[in-house]
Amino acid sequence: MRVLVTGGAGYIGSHTIVEALRAGHDVLVVDNFSNASRDVIARLGRLTNREVPVREVDIRDRAALDEVFDDFRPEAVIHFAGLKAVGESSQIPAKYYAVNVAGSINVIEALEQVGCTRLVFSSSATVYGDPQYLPIDELPLSASNPYGRSKLQVEDILRDQAAARPDWAIAILRYFNPVGAHDSGLIGETPSGTPNNLMPYVAQVASGEREYLSVFGHDYDTCDGTGVRDYIHVVDLAAAHVAALRWHDPSISASATARPCSRWSRASRRPAAGPCLTGLRRDGLATWHPVMPTRRVRGASLDGRPNAASMRCARAGGSGSADRPRPQRKKTRYRGPFFPIERR
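Because the structure is predicted, anything quoted here is derived from the model rather than measured.

Attention now moves to the overall build of the protein. When its secondary structure is counted, the protein shows nine helices and 16 strands. Expressed as a percentage of its 344 residues, the buried residues of the protein come to 48%. Carbon and sulfur atoms form 51% of the exposed surface of the protein, whose accessible area is close to 16700 Å².

Below, the structure is given as structure tokens:
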């Protein structure tokens, strides 16, 4: 299958290129390299032993986008291109709507022009807003920042497109924080400027590029008072996008689940069973939730297995330790055995 990948030089996009090529697809990278390195393309070539074609195009440039689609004639599109920093989105909201929403409309219209009806949209779990309960389910959908609202608006557009065009097969993937890198070490998360995600910041502190890591908050309802984040390995996430290409066929039945796997439950810190990819299809539209082993910054190793600290945390009270007094922590800078941490 000829698969065009917007944002294909980015963190998730580059790993998806590798998985798509492994699956036997012909790919084309479309990227403006605003937050990606051109070196990634050469590294993808080394990693896959083949030349990876690329077109440097901004999805806001409709004429250039139409030219790329006319030349490549894709049979499917995986759409990653967009801005993704929550904090920055509150500072420059108009740009986020211009890139994420208007740019996505350009992609949809370019698909229409060449008669391509398969689209996988990389959304975000931020469309769930501030959930009132855990674990979250499909509803309600909301967003508390311009980035989240831009993703939610694109989802709404795609729902309308699926309703108007029953021959289209559209998959939406929502997920939490991607982390990790390809095991070759050739590609990974290398953002331009100051990282907006935790793990590249941790890596830069560990390598000496930055002085310390700031940990905000000490009174969360967790066993040690610090915040807990859920993670999905980027290679697992890339494989999920490629899997969505196989699943989203209008002839497929209304629901589908992939193989079961183990994961870490955010609420209990204990291993729990769960599907790797779950979704529900209605009228040609599928919403997918890649659920892979979650990783904690502390309390679990990066392969998702518990360490001694996490097991103590699980035994201490599961979802929190509100039933026992917690010592007051000062706002101090802690320099750990591997890298310094500043508590706030």
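Past the structure itself, the notes keep going.
Right, let's get into the packing of aromatic side chains. For the structure shown, the criterion picks out zero aromatic pairs. Stacked on the ring of tyrosine 201, the Lys or Arg arginine 210 has its end atom at 5.1 Å from the ring centre.

With that settled, consider helix H2 (residues 39-48). Of the residues making up H2, those classed as buried are Val40, Ile41, Leu44, Gly45 and Thr48. Down the axis of H2, the buried side of the element spans an arc of 145 degrees, and every buried residue falls inside it. Contacts made by the buried residues of H2 are with helix H1 (11-22), strand S2 (26-31) and strand S3 (54-56). Asparagine 49 occupies a position one or two residues after H2 and carries a positive phi of about 60 degrees.

Here we come to the side chain of serine 150. With respect to the helices and strands, serine 150 occurs in helix H6 (residues 146-164). Within polar-contact distance, the side chain of serine 150 engages the side chain of asparagine 100 at 3.0 Å. Residues contacting serine 150, with those up to four places away along its chain left out, are Tyr96, Tyr97, Asn100 and Val101.

Moving on to the nonpolar core. One finds Ile12, Ile17, Leu44, Val52, Ile78, Val120 and Leu173 to be the most contacted residues of the largest nonpolar core, which totals 32 residues. Where this core is concerned, the elements lending two or more residues are strand S1 (2-6), H1, S2, H2, strand S4 (76-79), strand S6 (169-173) and helix H8 (234-247). Grouped together as the second largest cluster of nonpolar side chains are 27 residues, Leu4, Val57, Val68 and Ala162 included.

As for its position among the elements, glutamine 161 is in helix H6. Only 2.8 Å separates the side chain of glutamine 161 from the side chain of glutamate 112, close enough to count as a polar contact. Excluding residues that lie within four positions of it along the chain, glutamine 161 makes contacts with Ile108, Glu112, Trp168 and Ile170.

One can describe the packing of H1 onto H2 by two numbers: an axis separation of 11 Å at closest approach and a directional angle of 30 degrees. Compared by their axis directions, H1 and H2 come out roughly parallel. Both H1 and H2 take part in a crossing whose hand is right-handed. Contact residues: Ser14, Ile17, Val18 and Leu21 in H1; Val40, Leu44, Leu47 and Thr48 in H2. The residue inventory of the contact of H1 with H2, partitioned by class, reads six nonpolar, two polar and no charged.

Confidence in the prediction for the protein averages 77 pLDDT; 71% of positions are at 70 or higher. Within the model, the stretch residues 252-283 combines pLDDT values under 50 with 96 contacts to residues more than four positions away or in other chains. The model gives residues 291-344 a pLDDT under 50, and that stretch makes 128 contacts with residues more than four places away or in other chains.

Turning our attention to the pairing of S2. Most of S2 is tucked away: five of the six residues are buried. As judged from the five bridges shared by S1 and S2, these two strands associate in the parallel manner. Bridge assignment links valine 5 to a residue of S2, and that residue is valine 29. Between the parallel pair S1 and S2, the chain is carried across by H1, and the sense of this crossover is right-handed.

Calculation criteria
Residues numbered from 1 in each chain as written. Predicted model: local features only at pLDDT ≥ 70, side-chain atom pairs only at ≥ 80, totals over all residues. Heavy atoms only, no water. Helix = DSSP H or I, 4+ residues; strand = E, 2+ residues; numbered from the N terminus. Buried < 20%, exposed > 50% of the residue type's maximum accessible area, 1.4 Å probe, protein only. Areas by Shrake-Rupley, 256 points an atom, 1.4 Å probe, with all protein chains shown as cover. Phe/Tyr/Trp six-rings, centres within 6.5 Å; stacked < 30°, edge-to-face > 60°. Lys NZ or Arg CZ within 6 Å of the ring centre and 35° of its normal. Arc of directions from axis to C-beta. Contact = heavy atoms within 4.5 Å. Polar contact = N/O pair within 3.5 Å; in protein donor to acceptor, adjacent residues only side chain to side chain. Core = buried A, V, L, I, M, F, W, Y, C linked by side-chain atoms within 4.5 Å. Axes fitted to C-alpha atoms, helices over the stretch in contact; angles between N-to-C directions. Parallel < 35°, antiparallel > 145°, perpendicular 65-115°, else oblique. Left-handed = near helix turned anticlockwise from the far one by under 90°. Nonpolar A, V, L, I, M, F, W, Y, C, P; charged D, E, K, R; others polar. pLDDT = per-residue confidence, 0-100. Pairing = 2+ DSSP bridges. Right-handed = clockwise from strand over helix to strand, strands pointing away.

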